[in-house]
Amino acid sequence: MKTIYQMSRPGRRGDSIPAHRIDDDYFKQSRLPLELCRSQAAELPEVAEIDVVRHFTNLSRLNFGVDVGPYPLGSCTMKYNPKFTEQAARLPGFAGLHPLLPQLRRGGLLAQGALRVLYECDRLLCEITGMAAFTMQPLAGAHGELTGIMLIAAYHQDKGNQRSIVLVPDSAHGTNPATAAIAGYEVVTVPSKDGVMDPAAFKEMLSEQVAGVMMTNPNTVGLFNPYIAEIAEAAHKADALLYYDGANLNAIMGYAKPADLGFDIVHLNLHKTFATPHGGGGPGAGPVGVVEKLVEYLPISRVAEHKDGTLFLDYDHPKSIGYVAPFYGNFGVVLKAYAYILALGGEGLKRVSEDAVLAANYLRVKLMEHWQVAFDQTCMHEVVFTAQDKVEQYGVSALDVAKALIDEGFHPPTIYFPLVVPEALMIEPTETESKENLDAFVAAMTKLAQACKDDPELLHQAPVTTPVGRLDEVSAARKPILTDPLEP
Ligand SMILES: *Cc1c(COP(=O)(O)O)cnc(C)c1O
């Protein structure tokens with residue numbers, strides 16, 4: 001495919017920018033330093049409107065997104081994000097706000113609506129998780145984790161505890177041990193039993209050195225840890241804090257609150273559960289909530305309410321860990337989550353989790369005949385299969401299956417993760433896929449299981465319907481070419 005620069009022809013125009021109302025003298029008097037101004041016009045592509053429309057439409061068709069078809073990428077909750085939340089985020093009264101407004105005198109008034117969104121969203125997330133207060137600042141899940149671990153460190157420092165270890169189960173998402181290590185802790189791995197963190201092993205590893213434990217429940221093999229109350233009790237007895245990686249919240253909304261399960265800190269991925277599209281590096285948000293005893297350490301600023309009901313930014317928290325992001329986080333993402341939560345309501349969110357869990361179990365049971373399930377029990381929002389037997393019998397790997405699914409019109413599931421399952425295929429259908437789509441997925445997987453026996457070569461060749469076939473994934477990761485030389 002040509003780049004838009006290669007399509008450029010001198011003099012061709014596709015824009016219709018309205019004539020500006022500021023005269024040229026304004027620009028001449030501009031206070032921009034001259035050395036920062038262009039001396040000649042920018043070399044922009046010169047193309048007609050039809051070329052622009054076709055170029056970007058064709059470009060978008062080279063990629064697979066949730067707007068194209070089902071995207072059962074486990075642990076990522078790639079559900080469909082309704083477009084009304086985008087409309088809310090685009091409202092000019094919100095989209096046009098300057099982040100410095102609340103600190104200006106009259107700005108405090110102009111920003112009341114935005115402050116209200118931050119304040120109310122905090123209350124709603126507290127209701128959903130059982131926590132006492134949230135910060136909206138963290139810009140992603142992993143950033144929320146780092147914020148949470150900094151809160152754990154602040155807690156122990158304040159109490160004069162000397163703690164150097166963070167415990168992480170072997171099925172953890174990779175960001176958990178990475179976060180604890182970045183924050184300066186020694187990471188110690190707790191083994192699983194039957195897919196979930198083993199409470200006996202956990203208790204043995206607890207000591208005066210343990211600052212906290214990072215878990216997600218349900219975990220990344222899609223199983224709910226039934227020993228959580230026992231684990232929480234043991235942790236608290238040792239004055240270790242329990243951190244909840246809430247990226248998997250889609251499974252439990254309205255059914256279980258992390259605070260009730262004994263967790264002290266939670267981060268949520270608004271871009272997974274609460275209606276912000278993700279993948280491709282768009283902005284997300286990883287708000288962090290804490291129980292009462294940790295509220296004083298939360299980042300500043302925090303939105304607070306005057307007696308007369310007006311809102312303001314409160315910086316008066318001497319024990320705060322400080323800022324973790326510029327201004328107040330990715331406000332547009334918080335706004336979308338707020339709109340989504342209000343639109344669905346408590347019953348709607350409960351239904352989300354019901355349907356997400358139901359969809360995963362539907363696939364589990366329907367696929368069990370042809371694919372080996374990693375843990376033969378009721379799952380939560382995702383289900384893990386293993387292609388180990390297919391490797392042994394037919395030489396077909398999880399990677400081959402993933403690539404062949406692309407030719408069937410589905411985004412591949414997560415593969416080779418979690419690490420505790422060999423040749424893992426981790427499938428998260430989400431609540432937004434219809435029964436017809438789930439059945440189509442079952443049909444595709446059944447067809448591939450048959451193909452493993454009849455024609456394994458077909459799976460080795462896949463994908464054949466995409467612009468490029470198998471990439472050299474090592475080179476793509478280690479030596480990516482991210483620019484075009486822009487030569488015609
Ligand atoms: C996605 C995910 C994360 C990381 O979130 P990012 O926003 O990508 O940083 C952490 N834990 C789990 C379980 C996840 O699924």
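Residues numbered from 1 in each chain as written. Predicted model: local features only at pLDDT ≥ 70, side-chain atom pairs only at ≥ 80, totals over all residues. Heavy atoms only, no water.

(A) Summary view of the environment of H317. In this structure, H317 sits in the loop between β11 (311-314) and α12 (331-367). Sequence separation between H317 and E296 is 21 residues, and the spatial gap between their C-alpha atoms is 6.5 Å. Excluding its chain neighbours within four sequence positions, the residues that come into contact with H317 are E296, I300 and R302. (Helix = DSSP H or I, 4+ residues; strand = E, 2+ residues; numbered from the N terminus. Contact = heavy atoms within 4.5 Å.)

(B) Focus on the packing of aromatic side chains. Tallied over the full model, the rule gives six aromatic pairs. On the basis of an interplanar angle of 80 degrees and a centroid distance of 6.3 Å, the ring pair of F274 and Y340 is categorised as edge-to-face. You can see F274 sitting in the loop between α11 (270-273) and β9 (288-290) and its partner Y340 sitting in helix α12, a full 66 residues away along the chain. With respect to burial, F274 and Y340 carry one shared label: buried. Taking 5.8 Å as the distance between ring centres and 55 degrees as the angle between the ring planes, the aromatic pair formed by F327 and Y328 counts as tilted. On the accessibility criterion, F327 (38% relative accessible area) is partly exposed. Exposure remark for Y328: the relative accessible area of 14% places this residue in the buried category. A cation over an aromatic ring shows up here: K350 above the ring of Y255, its NZ or CZ 5.1 Å from the ring centre. (Phe/Tyr/Trp six-rings, centres within 6.5 Å; stacked < 30°, edge-to-face > 60°. Buried < 20%, exposed > 50% of the residue type's maximum accessible area, 1.4 Å probe, protein only. Lys NZ or Arg CZ within 6 Å of the ring centre and 35° of its normal.)

(C) Focus on the packing of helix α14 (residues 398-407) against helix α15 (residues 435-454). The N-to-C vectors of α14 and α15 enclose an angle of 125 degrees; their axes lie 10 Å apart at closest approach. Comparing the axis directions of α14 and α15 gives the class oblique. The way α14 lies across α15 gives a crossing that is right-handed. Taking contact as the criterion, the partners of V401, A404 and L405 in α14 are, on α15, F441, A444, M445 and L448. Taken together, the residues of the contact of α14 with α15 sort by class into seven nonpolar, no polar and no charged. (Axes fitted to C-alpha atoms, helices over the stretch in contact; angles between N-to-C directions. Parallel < 35°, antiparallel > 145°, perpendicular 65-115°, else oblique. Left-handed = near helix turned anticlockwise from the far one by under 90°. Nonpolar A, V, L, I, M, F, W, Y, C, P; charged D, E, K, R; others polar.)

(D) Focus on helix α7 (residues 141-159). Between its first and last C-alpha, α7 extends 27 Å over 19 residues, near the 27 Å set by a 1.5 Å rise per residue. Within α7, the full set of buried residues consists of G141, H143, G144, E145, T147, G148, I149, L151, I152, A154, Y155 and H156. Phi for G160, located one or two positions after α7, is positive at around 75 degrees. (Expected span 1.5 Å × (residues − 1).)

(E) Just the packing of α12 against α15, in detail. The geometry of α12 relative to α15 is characterised by a closest axis approach of 10 Å and an angle of 30 degrees between their N-to-C directions. By the angle between their directions, the pair α12 and α15 is classed as roughly parallel. Classified by chirality, the crossing of α15 by α12 is right-handed. On α15, the residues touching A359, Y362, L363, K366 and L367 of α12 are K435, L438, D439, F441, V442 and M445. In the contact of α12 with α15, the residues fall into eight nonpolar, no polar and three charged.

(F) Structural detail: the environment of Y71. Secondary-structure assignment places Y71 in the loop between α2 (49-61) and α3 (84-90). Looking at Y71, the relative accessible area reads 13%, which means it is buried. Taking the C-alpha atoms as reference points, Y71 and A449, 378 residues apart in sequence, are found 20 Å from one another. There is a polar contact of 3.3 Å between the side chain of Y71 and the side chain of H411. (Polar contact = N/O pair within 3.5 Å; in protein donor to acceptor, adjacent residues only side chain to side chain.)

(G) Region of the structure containing the pattern of salt bridges. Per the stated rule, a full pass over the model turns up 17 salt bridges. A salt bridge links E46 to R13, with the shortest nitrogen-to-oxygen separation between them at 2.9 Å. Of this pair, E46 sits in the loop between α1 (24-28) and α2 while R13 is found in the segment before α1, placing the two residues 33 residues apart along the sequence. In this structure, E431 and K79 form a salt bridge, with 2.9 Å as the shortest nitrogen-oxygen distance. Taken together, the residues span a long stretch of sequence, with E431 in the loop between β15 (424-427) and α15 and K79 in the loop between α2 and α3 at a distance of 352 residues. (Salt bridge = Lys/Arg side-chain N within 4 Å of Asp/Glu carboxyl O.)

(H) How the structure looks around the environment of Q103. Structurally, the position occupied by Q103 is in the loop between α4 (92-95) and α5 (107-110). Residues Q103 and L313, 210 residues apart in the sequence, show an inter-C-alpha distance of 8.0 Å. Ignoring any residue separated from it by four or fewer positions in sequence, one finds Q103 in contact with L313, Y315 and Y328.

(I) The arrangement of the nonpolar core in detail. If you look at the biggest cluster of nonpolar residues, it comprises 82 residues, and the most contacted ones within it are L125, F202 and F274. If one sorts the elements of this core by residue count, α12 sits on top with eleven residues. Contacts of L125, omitting those with residues within four sequence positions, involve G130, F134, M136, L268, F274, P287 and I341. C379, V383, V396 and L459 belong to the second largest nonpolar core, which has 29 residues in total. (Core = buried A, V, L, I, M, F, W, Y, C linked by side-chain atoms within 4.5 Å.)

(J) Up close: the side chain of T276. Checked against the element boundaries, T276 lands in the loop between α11 and β9. According to the relative accessible area criterion, T276 is buried, its value standing at 2%. If sequence neighbours within four positions are ignored, T276 has contacts with N81, L270, H271, P283, V333 and K336.

(K) Seen up close, the site of the ligand. Looking at the ligand, the residues that line it are S75, A140, G141, A142, E145, H173, T175, D245, A247, N269, H271 and K272. In the model, an oxygen atom of the ligand is placed 2.7 Å from a nitrogen or oxygen of the G141 main chain. The separation between an oxygen atom of the ligand and a polar side-chain atom of N269 is 3.0 Å. Looking at the shell around the ligand, the elements that each hand over two or more residues are α7 and α11. No other element matches the three residues that α7 contributes to the shell around the ligand. Considered class by class, the residues forming the shell around the ligand number three nonpolar, six polar and three charged. (Near = heavy atom within 4 Å.)

(L) Just unusual backbone geometry, in detail. Going from N217 to P218, the amide bond is cis rather than trans, its omega being 5 degrees. You can see P218 is positioned in the loop between β6 (210-215) and α10 (228-237). Here the phi dihedral of A275 falls at roughly 70 degrees; this positive angle occurs in a residue that is not glycine. Under the relative-accessibility criterion, A275 is labelled buried at 0%. The backbone of E423 shows a phi angle near 50 degrees, a positive value even though the residue is not glycine. Residue position: E423 is located in the loop between β14 (414-415) and β15.

This is a description of form; function is not addressed.
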